[in-house]
Amino acid sequence: MGIAGTADERQHTHAPSRADVLGGIELPDQDGIRHRLADYWQAAPAVLVWLRHYG
Amino acid sequence: VQLHREREAFEKEGAGLVLIAQATPRHAAHFRRRLGIDLPVLADEKRASYEAAGAKIATLNELLGPKVVAKGFVTALRSRQPQGRTIGHPAQLGGAMIIRPDGSVAWSHMSEDVSDNARPADILAALREV
């Protein structure tokens, strides 16, 4: 691990072809209410955006 | 913020839009207030979903290299959002993904460096193909 937690060697992104693992993850929202990710795309397509960091 | 501005366009396409960020629910609430957005923000302090989405950790060059910094500066000017205090893993990169109701990933763009972010217009174009 390098400065500020950077990777020593270049990594590659590896988005999955299916969101089965993602779907099983539960996360709290801004109010602390937990949501299973799969619930977001159960009825319609969902766009998930991962932010780099707060700030 | 750019995504928030395009929220109606995403709704028109019938898709839900969810932001996921590092840190705690309290930080997520603060983030929404500070930027004046009402999109749901999920708090992933342990970055489990980042890993499952195939997001990567940047090298120093991908974080602070001259090309990356220059591009990031232009993006910051366009978005008119100043950089605040960093909360979360500073080298963790993000991305975007469109997921169909059957669980298949229709489209994704995971960042290769800090300046490589999917534009809302690109996400919307991909959404229209789903």
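Note that this is a predicted model, so its numbers are computed, not measured.

K.L.:
Quick one: what's the story with the overall build of chain A, residue by residue and with numbers?
P.N.:
Counting its regular elements, chain A contains 1 helix and 3 strands. Counting from the amino terminus, chain A carries its helices and strands in the arrangement α-β-β-β. Expected size for 55 residues packed as a compact globule is a radius of gyration near 10 Å; at 15 Å, chain A overshoots this value by more than 25%. Here the C-alpha coordinates of chain A stretch approximately 40 × 30 × 15 Å along the principal axes.

K.L.:
Give me the lowdown on the interface of chain B and chain A, citing residues and values where you can.
P.N.:
Across the contact, 69 residues belong to chain B and 42 residues belong to chain A. Approximately 4,900 Å² of surface area, both sides summed, lies buried where chain B meets chain A, with 62% of it carried by carbon and sulfur atoms. Its largest share of buried area at the contact with chain A, chain B owes to Ile20, Leu42 and Ile99 of chain B, together 12% of the area lost on that side. In this structure, Arg10 of chain A and Glu112 of chain B form a salt bridge, with 3.5 Å as the shortest nitrogen-oxygen distance. In this structure, the connection of chain B to chain A is made through 25 residue pairs in polar contact (both at pLDDT 80 or more). Top contributing element to the side of chain B that touches chain A by residue count: helix H3 (residues 25-35) of chain B, with 7 residues. For the side of chain B that touches chain A, the class distribution of residues is 40 nonpolar, 19 polar and 10 charged. The sheet contact formed by strand E3 (residues 46-50) of chain A and strand E1 (residues 16-21) of chain B spans 5 bridges and is parallel. From the neighbouring strand, Val49 of chain A faces E1 of chain B, where its bridge partner is Leu19 of chain B.

K.L.:
How would you sum up the nonpolar core? Please name residues and give values.
P.N.:
Grouped together as the largest cluster of nonpolar side chains are 43 residues, with contacts concentrated most on Leu22, Leu37, Trp41, Val47 and Trp50 of chain A together with Leu19 of chain B. In this view, Leu22 of chain A contacts Leu37, Trp41 and Trp50 of chain A together with Ser49, Ala52, Ala53, Met97 and Ile99 of chain B; residues no more than four positions away in its chain are not counted. Ala58, Leu63, Val68 and Leu93 of chain B belong to the second-largest nonpolar core, a separate cluster that totals 5 residues.

Thresholds, definitions, all that
- Residues numbered from 1 in each chain as written.
- Chains lettered and ligands numbered in written order.
- Predicted model: local features only at pLDDT ≥ 70, side-chain atom pairs only at ≥ 80, totals over all residues.
- Heavy atoms only, no water.
- Helix = DSSP H or I, 4+ residues; strand = E, 2+ residues; numbered from the N terminus.
- Rg over C-alpha atoms; globule rule 2.2 N^0.38 Å.
- Contact = heavy atoms within 4.5 Å.
- Buried area = accessible area lost by both parts, 1.4 Å probe.
- Salt bridge = Lys/Arg side-chain N within 4 Å of Asp/Glu carboxyl O.
- Polar contact = N/O pair within 3.5 Å; in protein donor to acceptor, adjacent residues only side chain to side chain.
- Nonpolar A, V, L, I, M, F, W, Y, C, P; charged D, E, K, R; others polar.
- Pairing = 2+ DSSP bridges.
- Core = buried A, V, L, I, M, F, W, Y, C linked by side-chain atoms within 4.5 Å.
- Buried < 20%, exposed > 50% of the residue type's maximum accessible area, 1.4 Å probe, protein only.

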